[in-house]
Amino acid sequence: MSSKLDDNVRHLVDEMEHEIGEDGFEVSSDEIAGDGHVLGIAVDPEGDAAVENAVRQILLENGEDPARDGLRDTPKRVRRMYAELTSGYHVDPDRLVNNAILDVDYSEMVVVKDIPFYSLCEHHLLPFFGQAAVAYIPEGRVIGLSKIPRIVEMYSRRLQVQERMTKQIADFLMERLQPRGVGVVVEASHLCAVMRGVRKPGTIMTTSHVLGLFRSADRTRAEFFSHLERRPPTI
Ligand SMILES: [Zn+2]
């Protein structure tokens, strides 16, 4: 597997790893290919053809004519789209947090909420989307504010289940920042549920993951949930 990404996917990965206008943002694809980091999906003509044939097969199986005007380019579009929607697999977490963790003497809760995200449910390959709220209590180190939505994006642009995504975001911050605690709440609407009528339309699923003080201290958890204007769950 080559480590060269399609340009559209490379662009998304770059965006997640770097701030727009960030200094030193000059990474050539060759450089990335050389550092041994596995970047996954490749510009691989055989693989591309296989995916496009598979999409064509789905169209046929559903009684469509893949050769008709509106569908002729659909297999190609779908292939490119899935590569974009799963570009989070190719983000290097080290590049993402690079230079953004700062020693700061601040120990109050930091809350970033209303972070929009779009993900794909791994059971149906249909979107689920909503908002994430992320909070932590620093222990001498903070992370640049703009990086938190990027972390959410890195995990949401994959095939996911909401519970796992919520935990991954929390675990990542805990591991990288080693704060006194982390709390993550994700609220999302799942098209596989809404479109298929399993649940009522408009049903929102809420997941949370709390670590450190957010788990052990009721007051911390209560403070976090009061920022979100909702009652804390009992743990
Ligand atoms: Zn699903």
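This text gives an overview of the structure that appears in the document. (Residues numbered from 1 in each chain as written. Predicted model: local features only at pLDDT ≥ 70, side-chain atom pairs only at ≥ 80, totals over all residues. Heavy atoms only, no water.)

Relative to the helices and strands, Y82 resides in helix α4 (residues 74–85). Sequence separation between Y82 and L120 is 38 residues; the distance between their C-alpha atoms is 9.4 Å. Dropping the residues within four chain positions of it, Y82 is found in contact with L120 and L125. (Helix = DSSP H or I, 4+ residues; strand = E, 2+ residues; numbered from the N terminus. Contact = heavy atoms within 4.5 Å.)

A few words now on the environment of F172. Positionally, F172 belongs in helix α7 (residues 162–177). On the basis of relative accessibility, which here comes to 4%, the residue F172 falls in the buried class. For F172 and V182, which are 10 residues apart along the polypeptide, the C-alpha to C-alpha distance reads 9.7 Å. Aside from chain neighbours lying at most four places away, what touches F172 is P93, V97, I151, M154 and Y155. (Buried < 20%, exposed > 50% of the residue type's maximum accessible area, 1.4 Å probe, protein only.)

This part covers unusual backbone geometry. Positioned with a positive phi, N99 is a non-glycine residue whose angle comes to about 65 degrees. Relative to the helices and strands, N99 resides in the loop between α5 (93–97) and β1 (101–103). Accessibility expressed as a relative area gives 67% for N99, which makes it exposed. Of note in the backbone geometry, D114 takes a positive phi value of approximately 55 degrees without being a glycine. Its place among the elements puts D114 in strand β2 (residues 110–121). According to the relative accessible area criterion, D114 is exposed, its value standing at 57%.

Extensive coverage of helix α6 (residues 147–156) is indicated by the burial of 9 of its 10 residues. The set of residues buried in α6 consists of K147, I148, R150, I151, V152, E153, M154, Y155 and S156.

Oppositely charged side chains can form a pair if their charged atoms are brought close together. For the structure on display, the rule yields 17 salt bridges. Of the charged contacts, one joins E17 and R10 as a salt bridge, the two residues approaching to 3.9 Å between their closest N and O atoms. One exposure class covers both E17 and R10, and it is buried. Residues D48 and R79 are paired through a salt bridge, measuring 3.5 Å at the closest nitrogen-oxygen approach. With D48 in helix α3 (residues 45–61) and R79 in helix α4, the pair connects residues that are 31 residues apart, well separated along the chain. Judged on exposure class, the residue D48 and its partner R79 are both buried. (Salt bridge = Lys/Arg side-chain N within 4 Å of Asp/Glu carboxyl O.)

Protein ligation of the zinc ion involves C121 (SG), H124 (ND1) and C192 (SG), the donor distances falling in the range 2.1 to 2.3 Å. In primary-sequence terms, the residues that donate to the zinc ion follow C-x2-H-x67-C. Of this pair, C121 sits in strand β2 while C192 sits in helix α8 (residues 191–194), placing them 71 residues apart in sequence. Of the two residues examined, C121 and C192, each falls in the buried class. (Donors = N, O, S within 2.8 Å, 3.2 Å for Na, K, Ca; no water.)

In a soluble, globular protein the nonpolar side chains are often hidden away together inside. Core analysis: the largest hydrophobic core is formed by 38 residues, its most contacted members being F117, V134, Y136, I143, I151 and I169. Looking at this core, the elements that each hand over two or more residues are α1 (7–17), α5, β2, β3 (127–137), β4 (141–143), α6, α7 and β6 (181–190). Counting 10 residues, the second largest nonpolar core, distinct from the first, contains M109, A133, V210 and F224. (Core = buried A, V, L, I, M, F, W, Y, C linked by side-chain atoms within 4.5 Å.)

Here we come to the pairing of β3. Counting buried residues in β3 gives 8 out of 11 residues, a clear majority hidden from the surface. Note that β2 and β3 share 9 bridges and pair antiparallel. For I115, the partnering residue across the bridge sits in β3 and is A132. The antiparallel pairing of β2 with β3 creates a hairpin that spans 5 residues between the two strands, and L125 there sits at a positive phi of about 60 degrees. Both β3 and β6 contribute to a ladder of 10 bridges, which runs antiparallel. From the neighbouring strand, I137 faces β6, where its bridge partner is G181. (Pairing = 2+ DSSP bridges.)

Time to look at the packing of α6 against α7. The interhelical angle for the contact between α6 and α7, taken along N-to-C directions, is 135 degrees, at an axis separation of 10 Å. Considering their axes alone, α6 and α7 lie oblique with respect to each other. Both α6 and α7 take part in a crossing whose hand is right-handed. From α6, I151, V152, M154, Y155 and S156 reach across to α7, where they touch M165, Q168, I169, F172 and L173. Classifying every residue of the contact of α6 with α7 gives 8 nonpolar, 2 polar and no charged. (Axes fitted to C-alpha atoms, helices over the stretch in contact; angles between N-to-C directions. Parallel < 35°, antiparallel > 145°, perpendicular 65-115°, else oblique. Left-handed = near helix turned anticlockwise from the far one by under 90°. Nonpolar A, V, L, I, M, F, W, Y, C, P; charged D, E, K, R; others polar.)

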